[in-house]
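Understanding the architecture of this molecule
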Amino acid sequence: MLHLALPFGGFLGFKGVAFSFGTVALVPHLPPPGLPGLPAPAVPGGGEGLWAPALLQPPLQHAGPAQPEAPASEGEGATPPEVKRCHLHKKPNKACKFCQRFSQAQSAATQAAPQTAAAKTGAGGTSEESGKPTFSCSPMLKDQILKSSYFKSLLDNAGTVDALAEEISGFADDLDVYQAGSTTSPSVFFCCVFRLFTLEHTVEELHWLLDHSESVPVRCAACLFARFSLRPDRLWDTLEEYMLDDQDLGDFRVKQPSLPPTVGEYVESLLTKDKYFGTPLPRLPVVVRRKLEEHLAPLSQYRKRAQANQHEMRLFQKPGTPVEVCHKGEWVGGRVTGLMASSPA
């Protein structure tokens, strides 16, 4: 406690404050015994003088025992401890607790793998980290393809787009993902689709495969490649011209009756269905799916009109014949200038 000596002989007390003004000075009345954690203040001259400024500092607080750091929660970069394989059994033993722990850890890692891959890969097969296109199939299917002996042979024998097209034409006997009667061995057709992804090619070469006039499986492989690897917003621009393609799938429908009858309907099924022979197709964003539904809604009417025009083809062989053409959703009038014998699609 400090006391202020006033001219009229009184004292005014202040705690922990030292100041002076004019002829009135703040002096210690009695040196305090000292605050906790601080020595008693020294007074110059044995008791007279101003209080040491050190008393203005707050008293030290006693530090308690060190608190352990809280472990990082899931989602904050926490890494689960590694579970080692049981040292007693080569094959998992259901009665062994070490084998049980290892099996549970393996199951948890297997379940987390697709989520991790999905987080690194954006919708439509584009990696967020690298920005490069990716083949958006399940990690299990991709691993089965890479382990396939036939796919390894493709790495040596199909180094160009032309060689890959010959490989598909000569050895693809169906359009399924897996071989007949198997759920672990990828088919020749799908291995060639994945080989097209690993093979460097241009947009012109992709359209050459889409327009391949001599082989139906080559065209289907190019369409399926586009569905698995292209961005969703590019699918319609790439595949639009093949929607009314009436090339028949031929013998492939005999082996696989679930296939659509024509190439155009095959392409439409890739854009409307969620699975291809039981294998999930890449997810389409809601906005892209709505736009595709708008484009695909009148397709059935267009196909009927195209079939009717095939029967009246002789009328279009005469130049100057008046016709109506649907251009960007609107019917406009025109006249025939010539008839093309064939078209790419």
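Quick caveat, the model's predicted, so the values are computed rather than measured. (Residues numbered from 1 in each chain as written. Predicted model: local features only at pLDDT ≥ 70, side-chain atom pairs only at ≥ 80, totals over all residues. Heavy atoms only, no water.)

1. Section: the overall build of the protein
Just so we agree on the cut-off: In this description a helix means any DSSP run of H or I spanning at least four residues, a strand means any run of E spanning at least two, and both kinds are numbered starting from the N terminus. Throughout this description, buried means an accessible area under 20% of the type-specific maximum (1.4 Å probe, protein chains only), exposed means over 50%, and partly exposed covers the range between. In what follows, residue pairs with any heavy atoms lying within 4.5 Å of each other are defined as contacts. Per-residue accessibility takes into account occlusion by the displayed protein chains alone, with areas from the Shrake-Rupley method and a 1.4 Å probe.
Each helix and strand counted, the protein has 12 helices and 10 strands in total. Within the protein, buried positions represent 31% of all 345 residues. Nonlocal contacts in the protein, meaning residues at least 24 apart in sequence, comprise 51% of its contacts between residues at least 6 apart. Total accessible area on the protein stands at roughly 23000 Å², and carbon and sulfur atoms take up 56% of it.

2. Digging into the side chain of Ser-187
What counts here: N or O atoms within 3.5 Å of each other form a polar contact, as long as, within protein, one can give a hydrogen and the other can take it, and as long as residues adjacent in sequence are counted only when both atoms are side-chain atoms.
Mapped onto the elements, Ser-187 comes out in the loop between helix 4 (161-171) and helix 5 (188-198). For Ser-187, a relative accessible area of 2% gives the class buried. Polar side-chain contacts of Ser-187 include one of 3.2 Å to the backbone nitrogen of Phe-190. Sequence-distant contacts of Ser-187, that is, excluding residues within four places in its chain, are made with Asp-174, Asp-176, Val-177, Tyr-178 and Gln-179.

3. Considerations on the packing of helix 4 against helix 6 (residues 203-210)
Spelled out, the test is: Lines fitted to the C-alpha atoms define the axes, with helices restricted to the stretch that makes contact. Angles between their N-to-C directions range from 0 to 180 degrees. Note that the term roughly parallel is reserved for angles under 35 degrees, roughly antiparallel for angles over 145, roughly perpendicular for angles of 65 to 115, and oblique for everything else. Handedness of a helix crossing follows the sense of rotation of the near helix relative to the far helix, less than a right angle counterclockwise being left-handed and clockwise being right-handed.
Where helix 4 contacts helix 6, the axes come no closer than 11 Å and their chain directions differ by 20°. Viewed along their axes, helix 4 and helix 6 adopt a mutual orientation that is roughly parallel. Here the hand of the crossing between helix 4 and helix 6 comes out right-handed. Two secondary-structure elements touch here, helix 4 through Val-161, Asp-162 and Ala-165 and helix 6 through Glu-205, Trp-208 and Leu-209.

4. Structural notes on the nonpolar core
Heads up, the rule is: Side-chain atoms within 4.5 Å link the members of a nonpolar core, which is a set of buried Ala, Val, Leu, Ile, Met, Phe, Trp, Tyr and Cys residues.
Core analysis: the largest hydrophobic core is formed by 59 residues, its most contacted members being Phe-189, Leu-224, Tyr-266 and Tyr-276. Looking at which element gives the most residues to this core, the answer is helix 7 (residues 216-229), with 10 residues. Look past the residues within four positions of Leu-224 in its chain and what remains in contact with it is Phe-189, Phe-190, Val-193, Tyr-266, Leu-270 and Tyr-276.

5. Some points on the packing of helix 2 (residues 139-147) against helix 3 (residues 149-157)
Definition in use: Gly is placed with the polar residues, together with every amino acid not listed as nonpolar (Ala, Val, Leu, Ile, Met, Phe, Trp, Tyr, Cys and Pro) or charged (Asp, Glu, Lys and Arg).
Two elements in contact, helix 2 and helix 3, have axes separated by 5 Å at closest approach and are oriented at 65°. The residues of helix 3 that touch helix 2, namely those facing Ile-145, Leu-146 and Lys-147, are Ser-149, Phe-151 and Lys-152. Counted by class, the contact of helix 2 with helix 3 contains 3 nonpolar, 1 polar and 2 charged residues.

6. Looking at a negative patch on the surface
Test applied: Here a patch means residues that are over 30% exposed by relative accessible area and free of salt bridges, tied together within 9 Å if like-charged and within 5 Å if nonpolar (Val, Leu, Ile, Met, Phe, Trp, Tyr). When a carboxyl oxygen of Asp or Glu is within 4 Å of a side-chain nitrogen of Lys or Arg, the pair counts as a salt bridge. In this tally Asp and Glu are treated as negative and Lys and Arg as positive; neither His nor the chain ends contributes. By convention, the charge on Lys lies at NZ, on Arg at CZ, on Asp at CG and on Glu at CD.
A cluster of acidic residues, Asp-162, Glu-166, Glu-204 and Glu-205, forms a negative patch at the surface. Of all the elements in the fold, those that place two or more residues in the negative patch are helix 4 and helix 6. Following the sequence through the fold, Glu-166 ends up in helix 4.

7. Digging into the pattern of salt bridges
Applying the stated criterion across every chain, the model contains 5 salt bridges. The closest approach of N and O atoms between Glu-268 and Arg-303, which form a salt bridge, is 2.9 Å. With Glu-268 in helix 10 (residues 263-272) and Arg-303 in helix 12 (residues 299-311), this residue pair connects regions lying 35 residues apart in the sequence. Of the two residues, Glu-268 and Arg-303, neither departs from the other in class, the shared state being buried.

8. Things to note about unusual backbone geometry
Within the chain, Phe-277 stands out as a residue other than glycine whose phi angle is a positive 50°. Tracing the chain through its elements places Phe-277 in the loop between strand 7 (275-276) and strand 8 (279-280). A residue is classified by how much of its surface remains accessible, and Phe-277, at 30% relative accessible area, is partly exposed.

9. Concerning the environment of Ala-158
Along the chain, Ala-158 turns up in the loop between helix 3 and helix 4. On the basis of relative accessibility, which here comes to 0%, the residue Ala-158 falls in the buried class. Put simply, Ala-158 and Leu-199 are 41 residues apart on the chain and 8.8 Å apart in space, counted from C-alpha to C-alpha. Those residues in contact with Ala-158, other than ones at most four positions away along the chain, are Ala-163, Leu-164, Arg-195 and Leu-199.

10. Some details on the packing of aromatic side chains
Spelled out, the test is: Only Phe, Tyr and Trp rings take part, Trp by its six-membered ring, and two of them pair if their centres are within 6.5 Å. Stacked means planes under 30 degrees apart, edge-to-face means over 60, and tilted covers everything else.
Counting across every chain of the model gives 9 aromatic pairs. By way of ring pairs, the aromatic residues Phe-135, Phe-151, Phe-190, Phe-194, Phe-197 and Phe-228 are connected into one cluster.

11. Some words on the side chain of Glu-167
Relative to the helices and strands, Glu-167 resides in helix 4. Comment: no salt bridge for buried Glu-167; closest opposite-charge side chain is Arg-195, at 9.5 Å. Reaching out from Glu-167, the side chain makes a polar contact with the side chain of Tyr-150 at a distance of 3.0 Å. Setting aside residues no more than four positions away along its own chain, Glu-167 makes contact with Tyr-150, Leu-154, Ala-172 and Cys-192.

12. Focus on helix 10
Counting buried residues in helix 10 gives 8 out of 10 residues, a clear majority hidden from the surface. Of the positions making up helix 10, those classed as buried are Val-263, Gly-264, Tyr-266, Val-267, Glu-268, Ser-269, Leu-270 and Leu-271. Each element contacted by the buried residues of helix 10 is listed here: helix 5, helix 7, helix 8 (232-239), strand 7, helix 11 (286-296) and helix 12.

13. Quick notes on the environment of Asn-93
Locating Asn-93 in the fold gives a position in the loop between strand 4 (24-28) and helix 1 (97-120). Distance from Asn-93 to Ser-103, taken between C-alpha atoms, is 9.8 Å for residues 10 residues apart in sequence.

14. Some points on the state of the cysteines
Going by this rule: Two cysteine sulfur atoms make up a disulfide if the distance between them is within 2.5 Å.
Counted under the stated rule, the structure contains 0 disulfides. Here Cys-191 stays free of any disulfide, with the sulfur of Cys-192 as its closest cysteine sulfur at 7.0 Å.

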